[in-house]
Amino acid sequence: MAIGDSVKPAAFQYHAPQSVEEAVQLLGMFASDDGRIIAGGQSLIPTMALRMARPSHLIDINGVGELEKLSVSDSVLSIGACIRHAAFHRPVVGNPLGGLLSFVVKHIAHYPIRMRGTFCGSLAHADPSSEWALTAVTLGATMIAESLRGRRELHADEFFVSIMATNLAEDELLVETRFSLLTPGTRFGFYEFSRRAGDYAVAMALVTFELVGGLIADVRVGVGGAEDRPRRLPEAEKVLTGHPPSARLFEDAAAAAAAAVDPMEDQQADAAYRRDLVAVVTRRALERAAA
Amino acid sequence: MTQKIDITLMINGERHALSIEPRLTLVDAIRDECGKTGTHVGCEHGVCGACTVLVDDVPMRSCLMFAVQADGKHIRTVEGLARNGELHPLQRAFTEHHGLQCGFCTPGFLMLAAGALEQDPDISDEDLVDVLSSNLCRCTGYQNIIKAVLAAAHQMKGA
Ligand SMILES: Cc1cc2nc3c(=O)[nH]c(=O)nc-3n(C[C@H](O)[C@H](O)[C@H](O)COP(=O)(O)OP(=O)(O)OC[C@H]3O[C@@H](n4cnc5c(N)ncnc54)[C@H](O)[C@@H]3O)c2cc1C
Ligand code: FES
Ligand code: FES
């Protein structure tokens, strides 16, 4: 059998740059011809196997050593484009942020996929159910993009546009993502509902807050999997701010979250069910944060 | 215009020089180009785990990697688990605990467990069960796979 008969993905030209500069040049050259970056390949290769994607050029960044950066300086955690999900299995920093990331990562796909898939690849892919996308939006991460036109910063709340669509231009490489460390007293809670271990979330919530004199302060409530992109919900945050944690308060915040979302419908869940789930995941995330 | 790339795969310590199209997945290279059919292929899009192999000692879905990306890397497959005619403790445990029926998923589960135990020899039973949730089995109902892997893990830890 000729190879073309037995191979699922369509043919492409393969490029293996050794530096960011070279990767950006290749992307500048081939992006308009559906040239793309391949990082972990854990989302791209399945879509190529199904021929939903047929890129003509793949620019493989796995050999770019500069992108393996995972470091903290000036209270900012920087995550380079080749950092795998599995890097977060254990806390990467002795700050609540490290604990938060290591809790959330266990919900992403399966172990072998976490050994290969990348943090930044998840953001670039922009699945509405991506745990890292929700984390980036809730905590207000900054993304650094580079192209032949130079470098720019994108804030998480302008990065995600819609289902699998971001504000990255087609010739831009997402070089790294930056998170500010959390204040030492920050509590967090994450809760995800999915149908089986490792499946994408049908709905999930990430919350952080501090208790100042027993009252909730600096609260963030983010919901993912429910709408076409993850989003913070100021309606729920307003309910919580300035009050002591209680079961009643969390119910009210959960109800505010459910009322605020415009849920997607798909074969996993209709809008009414997703709205119900938003209330449940928000309440449970709040309970975890308060525990 | 079809691009062909020369690569070398080290499979269970054996050198395989190949000239391949970049779109060839690692699992297809292992099976069709190198003749190592112990590694199975099921869904071909990352869901079932039948294709799990170790790439530089790390468990990976070999259908979610192109062979060209494994150039120069050390691949370990189920054929390399036994040493000098002695089954690996995991293989023995699968026999003793009836961890397989049809056997289709077995090479994937063996490599997954072998890799996870090498990465983290002190892994907790709970985390090990979570690792095993990566792969699908249509026969056993998983309980005997879990029993077999935990038994082998305890034995390998020298407990
Ligand atoms: C069975 C299965 C279950 C999964 N479950 C989950 C889950 O529960 N939650 C979840 O979040 N993910 C899940 N995933 C996806 C996984 O997390 C991927 O690793 C992730 O979505 C993409 O990262 P990657 O590095 O593999 O990207 P790739 O697959 O290499 O790329 C994905 C897309 O992003 C682009 N891209 C990648 N990196 C960059 C960059 N640095 N700059 C610009 N563009 C870039 C690529 O061009 C491509 O279009 C699952 C995957 C599988 C196969
Ligand atoms: S064949 Fe690779 S995961 Fe199913
Ligand atoms: S033993 Fe048949 S699929 Fe697992």
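No experiment lies behind these values; they were computed from the predicted model shown.

Turning next to the packing of aromatic side chains. Residue and element names in this part refer to chain A. Tallied over the entire structure, the rule returns 8 aromatic pairs over all chains. Seen from their ring centres, Phe103 and Phe190 are 6.5 Å apart, and the 75° between their planes marks the pair as edge-to-face. In this pair, Phe103 is assigned in helix H4 (residues 96-105) and Phe190 in strand S11 (residues 187-193), connecting sequence segments 87 residues apart. With a relative accessible area of 30%, Phe103 lands in the partly exposed category. The class of Phe190 is buried, set by a relative accessible area of 1%. Arranged with centres 4.8 Å apart and planes meeting at 40°, the rings of Phe119 and Trp132 form a pair that is tilted.

The next subject is the state of the cysteines. Counting across every chain of the model gives 0 disulfides over all chains. Note on Cys34 of chain B: no disulfide assigned, nearest cysteine sulfur contributed by Cys51 of chain B at a separation of 15 Å.

Here we take up the site of ligand 1. All names here are of chain A. Residues in contact with ligand 1 amount to 32 residues; listed here are only the nearest, Ile37, Ser43, Leu44, Thr118 and Glu131. A distance of 2.8 Å is found between an oxygen atom of ligand 1 and a backbone nitrogen or oxygen belonging to Ala39. Contact between ligand 1 and Tyr200: a nitrogen atom at 3.1 Å from a side-chain N or O atom of the residue. Considering ligand 1 on its own, with 960 Å² of exposed area, one finds that the protein chains cover 93% of that surface.

Attention now moves to the interface of chain A and chain B. Contact with chain A, which involves 33 residues of that partner, is made by 30 residues of chain B. Where chain A abuts chain B, roughly 2,700 Å² becomes buried across the two surfaces, and 61% of that area is made up of carbon and sulfur atoms. Its largest share of buried area at the contact with chain B, chain A owes to Tyr14, Tyr111 and Pro112 of chain A, together 22% of the area lost on that side. Counting across the chain A and chain B interface gives 2 salt bridges. Across the pair Asp130 of chain B and Arg114 of chain A runs a salt bridge whose closest N-O atoms are separated by 3.8 Å.

Moving on, we come to the layout of surface pockets. Gaps left between atoms are located by rolling a probe of water-molecule size over the structure's atoms. Here the second largest pocket defines a volume of roughly 500 Å³. Around the second largest pocket, the lining is made up of 20 residues, and of these Ala86, His89, Arg90 and Tyr111 of chain A together with Asp120 of chain B lie nearest the centre. Broken down by secondary-structure element, the contributors of at least two residues to the lining of the second largest pocket are helix H5 (111-114) of chain A together with strand S4 (58-61), helix H3 (106-119) and helix H4 (125-132) of chain B. Considering every element that reaches the lining of the second largest pocket, the biggest residue donor is H4 of chain B, with 3 residues. Residue composition of the lining of the second largest pocket, grouped by class: 9 nonpolar, 3 polar and 8 charged.

All names here are of chain B. Packing of helix H2 (residues 89-96) against helix H5 (residues 143-156) leaves a shortest axis separation of 8 Å and a crossing angle of 140°. The orientation of H2 with respect to H5, classified from their angle, is oblique. Of the two elements, H2 crosses H5, and the hand of that crossing is right-handed. Along its contact with H2, which presents Pro89, Leu90, Arg92, Ala93 and Phe94, the element H5 presents Ile145, Ala148, Val149, Ala152, Gln155 and Met156. Tallied by class, the residues present in the contact of H2 with H5 amount to 9 nonpolar, 1 polar and 1 charged.

Here the focus is the sheet that holds strand S4 (residues 70-73) of chain A. All names here are of chain A. Here we have 5 strands laid out as an open sheet, ordered S4-S5-S10-S6-S7, and antiparallel in their pairing. Strands with a single pairing partner mark the edges of an open sheet, and in this sheet they are S4 and strand S7 (150-155). Strand-to-strand twist in this sheet, taken as the mean axis angle between neighbours without regard to direction, amounts to 20°. Examined bridge by bridge, strand S6 (residues 142-147) and S7 share 6 bridges and lie antiparallel to one another. Bridge pairing in S7 places Met143 opposite Leu154. Sheet strands in contact with helix H2 (residues 20-30) are S6 and strand S10 (173-180), and its direction is about 125° off that of S10.

What counts as what
Residues numbered from 1 in each chain as written. Chains lettered and ligands numbered in written order. Predicted model: local features only at pLDDT ≥ 70, side-chain atom pairs only at ≥ 80, totals over all residues. Heavy atoms only, no water. Phe/Tyr/Trp six-rings, centres within 6.5 Å; stacked < 30°, edge-to-face > 60°. Helix = DSSP H or I, 4+ residues; strand = E, 2+ residues; numbered from the N terminus. Buried < 20%, exposed > 50% of the residue type's maximum accessible area, 1.4 Å probe, protein only. Disulfide = S-S within 2.5 Å. Near = heavy atom within 4 Å. Polar contact = N/O pair within 3.5 Å; in protein donor to acceptor, adjacent residues only side chain to side chain. Areas by Shrake-Rupley, 256 points an atom, 1.4 Å probe, with all protein chains shown as cover. Contact = heavy atoms within 4.5 Å. Buried area = accessible area lost by both parts, 1.4 Å probe. Salt bridge = Lys/Arg side-chain N within 4 Å of Asp/Glu carboxyl O. 1 Å grid on protein atoms, 1.4 Å probe; cavity = no way out; pocket = protein on both sides within 12 Å on 5 of 7 lines; lining within 4 Å. Points joined across faces, edges and corners; volume = space filled by probe spheres on them. Nonpolar A, V, L, I, M, F, W, Y, C, P; charged D, E, K, R; others polar. Axes fitted to C-alpha atoms, helices over the stretch in contact; angles between N-to-C directions. Parallel < 35°, antiparallel > 145°, perpendicular 65-115°, else oblique. Left-handed = near helix turned anticlockwise from the far one by under 90°. Pairing = 2+ DSSP bridges.

These figures come from the coordinates and say nothing about function on their own.
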